[in-house]
Structures are given as C-alpha cells and as structure tokens.
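Observations on chain architecture
Listed here are the chains, written in short residue letters.
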Amino acid sequence: MVTAKSALLAVPLAAAALFAASPADAATTNPLTCRGQGIDATAQLHYSAETFVKAPLSTVWKVQTGVEGWPAWQAAVSSAKRLDPGPLHPGSRFRWTTPVPATPSTPATTLVITSTVHQVQRDHCVRWSGPAIGEGLRIDRGVHVWTFTPARGGVVVRTEESWTGAQIEADPATAVKYLAPGLDRWLADLKTAAEAAC
C-alpha cells in the first residue's frame, strides 16, 4: 500500500504543481471524518496534510467553500462551476478542471472533476467525492475530507484524500507524486488567500 502523510500546505484532486514528492511509508493514524464519514479506507492511494491559517474561521470557510472563486486563488484550478445554487449541502455538485503534466505513463491533459458533496457541517467540515477524467488519464473516484478547527489566532485546516481506479493503482508511485504535492499546494494557496482576505 502506498500512503503519504504531511503537515503543512495543499491543491486539488490531481493538480498541476505536482512533481517533486515521493511516497512515504507513514500511515494516517487519525483519519479525518465529516459527520462520521472519511476517505475510502480501502484505497491504495491516500494522503493527508494540514496547515495553520491566521484568519477567522468564517473567512477560511468562505474561501474554501466558495467553489466558483477557486480559480482566483488556486493556480492549479483552471475553472470551477457550481451545478446548483446556495451554500454547500449534501447533494451539492460542482465541476472543476485542473491541468496535469505528462508522466511516463500518461499524456499531459486537463482533468475534469465532477464532485458531489456527501457531508457538510458549516464552519467545521466538508466531504465530497467524484471522478476525475482527462484524455488518457482517469481517477475513478477521489474522496476528499476537510476539517476546520479553531485555534488561538486562527484555524487549523486538515485535509485527507483517497484515489481509486485501475489506471492509477497500476502505477501508485507516480500517482502519489501528484496527490501529495497537489494537496500541499491547495493548503498553501488557501492559507495565502484567507489571510489576505482579513
């Protein structure tokens, strides 16, 4: 099983600025959950990361859950569109895209990700899943959990994601090189955006 764990930064479900990470043997000791549900525990590929954001919880939550604003603060998100109105709720859907460079086994492509929210608790957590499909590359199912914990002077943001699918499971060492730095970059971008919004 290939797993990785980090504690700092983050980007999406198969992002762009994703070279330079290698699989680590650390396993997640405390899986994240939202309303009792976490990532796919049987997934061969998963990664977790966290960061501290010096901003009010309401600001961090608004930046992260304002899906249509993602391209403005995430370099790895080309487009993002809500497929239903209002605040995120169970059943909410959104479609977003992220470019992915070529690897030894796949061509450069743009992944189209259609995410469905399954659990959400305002200012506390959100969990979504969905496929990521591009020309020559497919992640059958990514499951992504985010938690937001108030702390002195800001918020601890934690995230965990799992990927499943025959194509990525055939080359897990390459896949984790995209998953790990992608999430790290997402967290770093969220930190920058939320702190700048204060």
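Predicted model, so just to flag it, every value in this text is computed and none were measured.

Conventions we followed
- Residues numbered from 1 in each chain as written.
- Predicted model: local features only at pLDDT ≥ 70, side-chain atom pairs only at ≥ 80, totals over all residues.
- Heavy atoms only, no water.
- Helix = DSSP H or I, 4+ residues; strand = E, 2+ residues; numbered from the N terminus.
- Buried < 20%, exposed > 50% of the residue type's maximum accessible area, 1.4 Å probe, protein only.
- Contact = heavy atoms within 4.5 Å.
- Expected span 1.5 Å × (residues − 1).
- Pairing = 2+ DSSP bridges.
- Disulfide = S-S within 2.5 Å.
- Core = buried A, V, L, I, M, F, W, Y, C linked by side-chain atoms within 4.5 Å.
- Phe/Tyr/Trp six-rings, centres within 6.5 Å; stacked < 30°, edge-to-face > 60°.

Side note on the overall build of the chain
- The helix and strand tally for the chain stands at 4 helices and 8 strands.
- The linear arrangement of helices and strands in the chain, starting from the amino end, is β-β-α-α-β-β-β-β-β-β-α-α.
- Counting the 198 residues in the chain, one finds 53% classified as buried.
- Within the chain, residue pairs in contact and separated by at least 24 positions form 64% of the contacts whose partners lie at least 6 positions apart.

Quick word on helix α4 (residues 172-196)
- Given a rise of 1.5 Å per residue, 25 residues ought to cover 36 Å, and the 36 Å separating the end C-alpha atoms of α4 matches this to within 8%.
- Among the 25 residues that make up α4, 18 are buried, leaving the element largely enclosed by the rest of the structure.

With respect to the pairing of strand β4 (residues 93-100)
- Of the strand pairs in this sheet, strand β3 (residues 79-82) and β4 are connected by 4 bridges, and their pairing is antiparallel. Within β4, the residue paired with Arg82 across the bridge is Phe94.
- Pairing analysis gives 8 bridges linking β4 to strand β5 (residues 109-121), with the strands arranged antiparallel. Looking at the pairing, Arg93 lines up with Thr116 of β5.

Topic: the state of the cysteines
- The full count for this structure, using the stated rule, is 1 disulfide.
- Across the disulfide from Cys34 sits Cys125; the S-S distance is 2.1 Å. Between Cys34 and Cys125, the disulfide has an S-S torsion of 65° and is therefore right-handed. Remark: Cys125 occurs in strand β6 (residues 125-134) and Cys34 occurs in the loop between β1 (2-5) and β2 (45-53); sequence separation between them is 91 residues.
- On the basis of relative accessible area, Cys34 is assigned to the buried category, the value being 0%.

Remarks on the nonpolar core
- Formed by 43 residues in total, the largest nonpolar core has its most connected members in Val60, Trp70, Trp146 and Val157.
- By residue number, the principal contributor to this core is α4, which donates 11 residues.
- When near neighbours in sequence (up to four residues on either side) are disregarded, Trp70 contacts Val63, Gln64, Val77, Ala80, Phe94, Trp96, Trp128 and Trp186.
- By size, the runner-up hydrophobic cluster in this structure holds 5 residues, among which are Cys34, Ile39, Cys125 and Val145.

Here's the deal with the packing of aromatic side chains
- Counted according to the given criterion, the structure contains 9 aromatic pairs.
- The interplanar angle of 85° and the centroid separation of 5.4 Å between the aromatic rings of Trp70 and Phe94 together place this pair among those described as edge-to-face. Placement of the pair is Trp70 in helix α2 (residues 70-73) and Phe94 in strand β4, with a sequence separation of 24 residues.
- Look at Phe94 and Trp128: their rings are 5.2 Å apart centre to centre, the planes differ by 85°, and that puts the pair in the edge-to-face class. Taken together, the positions of Phe94 in strand β4 and Trp128 in strand β6 put the pair 34 residues apart, joining distant regions of the chain. Across the pair, exposure class does not vary: Phe94 and Trp128 are buried alike.
- Through a chain of ring-to-ring contacts, three or more aromatic side chains come together here, namely Trp70, Phe94, Trp96, Trp128, Trp146 and Trp186.

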